[in-house]
Amino acid sequence: NDDNRRVVIVIGAGPAGLAASIGLAQIPGYSVELIEKRTTFEKRGASFGLAKNGLKALSEICSGESYEVVNQLKEGGVSTPNGGLLLPWWEMRDTLLEGVRKEQSNITIRMGMDICSIEDEKDDSQVTVRFSNSDVVLRGTMLIAADG
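Residues numbered from 1 in each chain as written. Predicted model: local features only at pLDDT ≥ 70, side-chain atom pairs only at ≥ 80, totals over all residues. Heavy atoms only, no water.

Considerations on the sheet that holds strand β3 (residues 47–50)
Step number 1: What the 3 strands build is an open sheet, ordered β3-β5-β4; its pairing is antiparallel. Only two strands of the sheet have a single neighbouring strand rather than two, namely β3 and β4 (78–79).
Step number 2: Across 2 bridges, β4 lies against strand β5 (residues 85–88) in antiparallel orientation. In the strand pairing of β5, Val-78 is matched with Leu-86.
Step number 3: Contacting β3 and β5, helix α4 (residues 89–102) crosses the sheet at an angle of about 90° to β5. (Pairing = 2+ DSSP bridges. Helix = DSSP H or I, 4+ residues; strand = E, 2+ residues; numbered from the N terminus. Contact = heavy atoms within 4.5 Å. Axes fitted to C-alpha atoms, helices over the stretch in contact; angles between N-to-C directions.)

And the structure:
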């Protein structure tokens, strides 16, 4: 990552972590380290209900020419009477994952990472994340726990 960028560490690559990563990566001067414990993205999970205001929020987060997230979700889901959407959880995740991959210059996805420690370093407003299965050490200005 560029030394002038603020690094945000997002733990969890489910819908919340992916949406947060997309939104943050669009802010000038920010980059995201997205951490996922699993080694692959599997098609499993329950149904996912997305209310009308959730669709609006996704439209705001996933704005720009390269994002068709809401349209893709509508194609794969079932509309609810109140303007929401019902779809498989993995479809929501995969659609957002596609958006993350389009932001690849600002988002690094790290799969199969087992966190062993998180240290809040108050003296320099940094957080440090270490892993039990890797020598990688991540430092960032913010940490978002979206690990369900």
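Quick look at the packing of helix α1 (residues 15–25) against α4
Step number 1: In contact at an axis separation of 9 Å, α1 and α4 are set at 20° when each is read in the N-to-C sense. Comparing their axes, α4 and α1 come out roughly parallel. As for how α1 packs across α4, the hand of that crossing is left-handed. In this structure, α1 uses Pro-15, Leu-18, Ala-19, Ser-21 and Ile-22 to contact α4, whose residues at the interface are Trp-89, Met-92, Arg-93, Leu-96, Leu-97, Gly-99 and Val-100.
Step number 2: Each residue belonging to the contact of α1 with α4 can be placed in one class, and the counts come to 9 nonpolar, 2 polar and 1 charged. (Parallel < 35°, antiparallel > 145°, perpendicular 65-115°, else oblique. Left-handed = near helix turned anticlockwise from the far one by under 90°. Nonpolar A, V, L, I, M, F, W, Y, C, P; charged D, E, K, R; others polar.)

Quick notes on the pairing of strand β9 (residues 134–140)
Step number 1: As paired strands, strand β8 (residues 126–131) and β9 are joined by 5 bridges and run antiparallel to one another. Within the sheet, the bridge partner assigned to Val-127 lies in β9 and is Gly-140.
Step number 2: Taking the residues between adjacent antiparallel strands as the criterion, β8 and β9 are bridged by 2 residues.

Overview of the pattern of salt bridges
Step number 1: This model, assessed by the stated rule, comprises 4 salt bridges.
Step number 2: Note that Asp-94 and Arg-93 form a salt bridge whose closest N and O atoms lie 2.7 Å from each other.
Step number 3: Residue classification places Arg-93 among the buried positions, given a relative accessible area of 4%. (Salt bridge = Lys/Arg side-chain N within 4 Å of Asp/Glu carboxyl O. Buried < 20%, exposed > 50% of the residue type's maximum accessible area, 1.4 Å probe, protein only.)

Overview of α1
Step number 1: Burial of α1 is extensive: 8 of the 11 residues sit out of reach of the surface.
Step number 2: For α1, every residue scored as buried is listed here: Pro-15, Gly-17, Leu-18, Ala-19, Ser-21, Ile-22, Leu-24 and Ala-25.

Some remarks on the packing of helix α3 (residues 69–76) against α4
Any two packed helices are characterised by how steeply their axes cross, that is the angle between the axes, and by the distance between the axes.
Step number 1: Across the interface, α3 lies against α4 with an axial gap of 10 Å and an inter-helix angle of 155°. Compared by their axis directions, α3 and α4 come out roughly antiparallel. The handedness of the crossing between α3 and α4 is right-handed. Residue-level inspection shows Val-69, Gln-72, Leu-73 and Gly-76 of α3 in contact with α4, the latter providing Glu-91, Met-92, Thr-95, Leu-96 and Glu-98.

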